[in-house]
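# Observations on the model geometry
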There are 2 protein chains.
Amino acid sequence: MRGVVMHAPRDVRVEERPDPVIEQPTDAVIRVSVACICGSDLWPYRGTDPIDRPTPMGHEYVGVVEQIGADVRNVAVGDLVVGSFFASDNTCEICRAGYQSHCVHRVPMGALGTQAELLRVPLADGTLVAVPGDPTPAQLRGLLAASDVLGTGWFAAVAAAAGPGRTVAVVGDGAVGLLGVLAAKQLGAERIIAMSRHADRQELARRFGATDVVEERGDAGVQAIKDLTDGLGAHSTIEAVGTQESMMQAIRSTRAGGHVGYVGVSHDVELPGQELFFSGVHLHGGPAPVREYLPALIDLIMTDRIDPGAVFDLTLPLADAAEGYRAMDERRATKVLLTL
Amino acid sequence: MRGVVMHAPRDVRVEERPDPVIEQPTDAVIRVSVACICGSDLWPYRGTDPIDRPTPMGHEYVGVVEQIGADVRNVAVGDLVVGSFFASDNTCEICRAGYQSHCVHRVPMGALGTQAELLRVPLADGTLVAVPGDPTPAQLRGLLAASDVLGTGWFAAVAAAAGPGRTVAVVGDGAVGLLGVLAAKQLGAERIIAMSRHADRQELARRFGATDVVEERGDAGVQAIKDLTDGLGAHSTIEAVGTQESMMQAIRSTRAGGHVGYVGVSHDVELPGQELFFSGVHLHGGPAPVREYLPALIDLIMTDRIDPGAVFDLTLPLADAAEGYRAMDERRATKVLLTL
């Protein structure tokens, strides 16, 4: 089969890889319908995260089940399925508490590489959720978003305690930040402030439910949030970048007793203990337990109540994956969908 | 009046200070009945926090109202009252959300110095809570504990989401950690693991509700907690020290999706972003909004359902305050009560 392999920073190739096979009785093999490129794929692409050998890429996927292991019960051959970027058993104590991304048996799907024609999915019963009915093209894009960026934005909004009566600030205008806006809206937030300086992303943020846009960053961004909230700061802040600046911007934009939900993968972040202590905020985040939200998200998508697939602003065939990486790296695209 | 003044590290004196007077119509002046020495008073005593001028000491107090300003309505002359270490208006949006220690008009009582015969209390209506009835000596000690260490331990247990079915680990066996044990018990925790290597504190922890004691610290302490929790870590961890080691011990002792409530005043703490991200814990803490809990705590104390005053293991007259500081510094006492 063909799949995307990164050989070095900025060296992305589509090449022949061995077809995956059922290795464990709990595995499934799916034929990938659509995959995509994640903002986090840019960390190795830009050389921030090391690559020490040719690495299969991708961790987001929607596909059709082609084979199942002897112990698989919850999905059948022919099912259209969505999964998260961590395979999880969905039965351990951590999963049952809603933290499937920390499942005691978790497997990172990024290690398997979903930007490929075929994909082995470990722990298929706990990982995959079958889609009811035949999705429209827009719904299919939405389902792909649910696999990571929507689920991650949703978790961030939940972690930030977004809800009725609350003002939510969103740091980061990538796909996750934008879908954090959508999630905050669905969770009933009263006011949603998107922090963005890109006109196209501002527009999408407003379409997803943002009531205000702040273009400033850093201290000026914090001040702008305070100016909009009687000097107190937001009740809830979503952090969807992962840098020192964005984390501090999120913490400082939040009132005492408020909540910061952070989902940008931390890179070289050190949180000053004393400032955090006196901030009085709640801090929660990490790799999102997308599997927890998938059934509800699939339902919202298949009934057209949300359109998270709108974050995909460039669609390319798998063969052109390298151009997709370039487009995201150069910020010509927010999120690239790969067709197979 | 006489009051405690710290002139330099290890130089604590009881000396004549000006009698406080009503400065604002919202002030009260109280005659202090009992005060005490806090673990945090040891930071300047040991030279960790700088002292640049002679500094009145103390922020915990129970007393009798002696004068009130023209606008004070909620307490009357002659009332026995308890307050927190932050004066707060209890009416602003932050107070109403339960975060009085971050009140937009807060005044740190430590700046006024409660280890003294008389004390001016700003924002008396929002700060002071009148005690119903005449406390016994044990109840009076409990009320003094409520002023900070009990309220702080309680907040830590709430921030750590201690409750039914949950295993709570407590890092730190000072008065706050011990009263965190008491709070976790009151909140219904199933299992409470006190981390302590002092026999007398272990005994008090068990009396307050600890079901297990772990003597190990650092990595060995974390492993001991994991061994007691099926390898997963505690649901809830109370951090009541404030050092890098204790914070990391608390975070690493907690399972993904669990909660760390941290109330040890942070000293030279830097939290590594990536480890925190992948830990998946909730982190909340800071200066405790003791005022939020005071009415309920006073009720628990005055009905003898809790005996938090048991943390005081040395009682001295105000004149001997210097000996009290020495005893706490040398760990001959957990918590020193000063009588007036």
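## Topic: the pairing of strand β11 (residues 167–171) of chain B
All names here are of chain B. Most of β11 sits out of view: five of its five residues are buried. Judged by which residues are buried, β11 turns out to be covered on both faces: Thr-167, Ala-169 and Val-171 on one side and Val-168 and Val-170 on the other are all buried. Relative to strand β12 (residues 191–195), β11 runs parallel, the two sharing five bridges. Note on β12: the bridge partner recorded for Ala-169 is Ile-193. Of the crossover connections in this fold, the one passing from β11 over helix α6 (residues 175–186) to the parallel β12 is right-handed. Here four bridges tie β11 to strand β14 (residues 234–239), and the two strands are oriented parallel to one another. Note that in β14 the partner of Val-170 across the bridge is Ile-238.

## As for unusual backbone geometry
Unlike most non-glycine residues, Arg-10 of chain A shows phi in positive territory, near 65°. Here Arg-10 of chain A is to be found in the loop between β1 (2–8) and β2 (11–16). In the Ramachandran plot, Ala-161 of chain B falls in the positive-phi region, its phi being about 60° despite a non-glycine side chain. Considering the arrangement of structural elements, one finds Ala-161 of chain B in the loop between α5 (149–159) and β11.

## Section: the sheet that holds strand β1 (residues 2–8) of chain B
Residue and element names in this part refer to chain B. Strand order in the open sheet formed by three strands is β2-β1-β4, and the pairing between neighbours is antiparallel. Strand pairing shows two members of the sheet lacking a second neighbour, β2 (11–16) and β4 (55–56), which therefore form its edges. Of the pairings in the sheet, the one linking β1 to β2 comprises six bridges and is antiparallel in character. Looking at β2, one finds that Gly-3 is bridged to Glu-15.

## As for the pattern of salt bridges
What the rule picks out here adds up to 34 salt bridges over all chains. When the shortest N-O distance is used, the salt bridge between Glu-93 of chain B and Arg-255 of chain A registers 2.8 Å. Placement of Glu-93 of chain B in helix α2 (residues 93–96) and of Arg-255 of chain A in strand β15 (residues 254–262) is noted, with the two residues assigned to different chains. Given the relative accessible area of 32%, Glu-93 of chain B is considered partly exposed. Three or more residues are tied together by salt bridges with common partners; here these are Glu-323, Arg-326, Glu-330 and Arg-332 of chain A.

## Digging into the sheet that holds β1 of chain A
The strand order across the open sheet formed by three strands is β2-β1-β4 (chain A), and the pairing between neighbours is antiparallel. The open sheet terminates on both sides in strands that have one partner only, identified here as β2 and β4 (55–56) of chain A.

## Some details on the packing of aromatic side chains
Residues and elements named next belong to chain A. Tallied over the full model, the rule gives 10 aromatic pairs over all chains. Measuring from ring centre to ring centre gives 6.5 Å for Tyr-99 and Phe-155, while their planes differ by 85°; the resulting arrangement is edge-to-face. Of this pair, Tyr-99 sits in the loop between α2 (93–96) and β8 (107–108) while Phe-155 is found in helix α5 (residues 149–159), placing the two residues 56 residues apart along the sequence. Taking 4.9 Å as the distance between ring centres and 80° as the angle between the ring planes, the aromatic pair formed by Phe-277 and Phe-278 counts as edge-to-face.

## Regarding the packing of helix α8 (residues 218–227) of chain A against helix α9 (residues 244–252) of chain A
Residue and element names in this part refer to chain A. Where α8 contacts α9, the axes come no closer than 9 Å and their chain directions differ by 25°. Put simply, α8 runs roughly parallel to α9. With respect to the hand of their crossing, α8 and α9 are arranged in right-handed fashion. Residues Gly-218, Asp-219, Val-222 and Lys-226 of α8 touch α9, and the partners they reach there are Glu-245, Gln-249 and Arg-252.

## Focus on the confidence of the model for chain A
A residue-level look at chain A finds 100% of positions with pLDDT of 70 or above and a mean pLDDT of 97. Scored by ipTM, the complex comes to 0.96, with pTM at 0.97.

## Describing the pairing of strand β14 (residues 234–239) of chain A
All names here are of chain A. In terms of burial, β14 is a largely internal element, six of the six residues being buried. In terms of strand pairing, β14 meets β15 through five bridges, oriented parallel. Its bridge partner lying in β15, Ile-238 is registered against Gly-261.

Cut-offs applied
Residues numbered from 1 in each chain as written. Chains lettered and ligands numbered in written order. Predicted model: local features only at pLDDT ≥ 70, side-chain atom pairs only at ≥ 80, totals over all residues. Heavy atoms only, no water. Buried < 20%, exposed > 50% of the residue type's maximum accessible area, 1.4 Å probe, protein only. Helix = DSSP H or I, 4+ residues; strand = E, 2+ residues; numbered from the N terminus. Pairing = 2+ DSSP bridges. Right-handed = clockwise from strand over helix to strand, strands pointing away. Salt bridge = Lys/Arg side-chain N within 4 Å of Asp/Glu carboxyl O. Phe/Tyr/Trp six-rings, centres within 6.5 Å; stacked < 30°, edge-to-face > 60°. Axes fitted to C-alpha atoms, helices over the stretch in contact; angles between N-to-C directions. Parallel < 35°, antiparallel > 145°, perpendicular 65-115°, else oblique. Left-handed = near helix turned anticlockwise from the far one by under 90°. Contact = heavy atoms within 4.5 Å. pLDDT = per-residue confidence, 0-100.

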